[in-house]
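The lines below spell out each chain.
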Amino acid sequence: MDETDRMDDVEALRHLHDGGDYRRLAERTTNPDVLRQLARCEYPFVWHAIAGNAAAPADLLASLSVRRHSTWNDNHLLELVAAHPTFTGEPLGRLVDLVAVRLGEGDRPFAAVLELARRPELTVERLNWLGHVPGASTRLRRGISRVLAERRQR
């Protein structure tokens, strides 16, 4: 067990030595202020850990979703944010628009689109629209249709 694993999360912020320390703290803390401070770092794997943390507040997830590092990291981050249970309402709608922009840029955030399709609060029309924006493929449209069919069966 690492030294930072044994101390209070706020105190642990003062003792972070490397990216692994940042990631471990981002995965385990339930303190939104600690998560906000960790989000300032430049490690995309820490952003991913924050987005995978159930305690991450929606406003922090929204700010992370627009951060850019590399195509793979950006797409994975969008996928994690799209799947996050506290990310709902208007921020989720803005994420749909952001994913559409990224599709148009050629980034291929297909996994994020499929996570969005799993969200029952998004309309079928809006999700089908995502499948037809520039950059969407026939395979993505089939994936959206498959996920929507699974959603109807629940």
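Here, the structure is the one placed above.
Residues numbered from 1 in each chain as written. Predicted model: local features only at pLDDT ≥ 70, side-chain atom pairs only at ≥ 80, totals over all residues. Heavy atoms only, no water.

**Q** I'd like a rundown of the pattern of salt bridges, residues and numbers included.
**A** Here the structure, examined in full by the defined rule, presents twelve salt bridges. The salt bridge involving aspartate 21 is made with arginine 24; its shortest N-O contact spans 2.6 Å. Of this pair, aspartate 21 and arginine 24 both sit in helix H2 (residues 19–28), separated by three residues, roughly a single helical turn. The salt bridge involving arginine 126 is made with aspartate 97; its shortest N-O contact spans 2.3 Å. Of the two residues, arginine 126 sits in helix H9 (residues 124–130) while aspartate 97 sits in helix H7 (residues 89–104), which places them 29 residues apart along the sequence. The exposure class of arginine 126 is partly exposed, given its relative accessible area of 27%. Connected through salt bridges with shared partners, the residues Arg68, Asp74, Glu105 and Asp107 form a single ionic network. (Salt bridge = Lys/Arg side-chain N within 4 Å of Asp/Glu carboxyl O. Helix = DSSP H or I, 4+ residues; strand = E, 2+ residues; numbered from the N terminus. Buried < 20%, exposed > 50% of the residue type's maximum accessible area, 1.4 Å probe, protein only.)

**Q** Could you give an account of the packing of aromatic side chains, with specific residues and numbers?
**A** Summed over all chains, the structure comprises two aromatic pairs. Ring centres of tyrosine 22 and tyrosine 43 lie 5.7 Å apart, and the angle between their planes is 65°; on these two criteria the pair is classed as edge-to-face. Taken as a pair, tyrosine 22 in helix H2 and tyrosine 43 in the loop between helix H3 (32–38) and helix H4 (44–51) lie far apart in primary sequence, 21 residues in all. Judged by relative accessible area, tyrosine 22 falls into the partly exposed class, the value being 24%. By way of ring pairs, the aromatic residues Tyr22, Tyr43 and Phe45 are connected into one cluster. (Phe/Tyr/Trp six-rings, centres within 6.5 Å; stacked < 30°, edge-to-face > 60°.)

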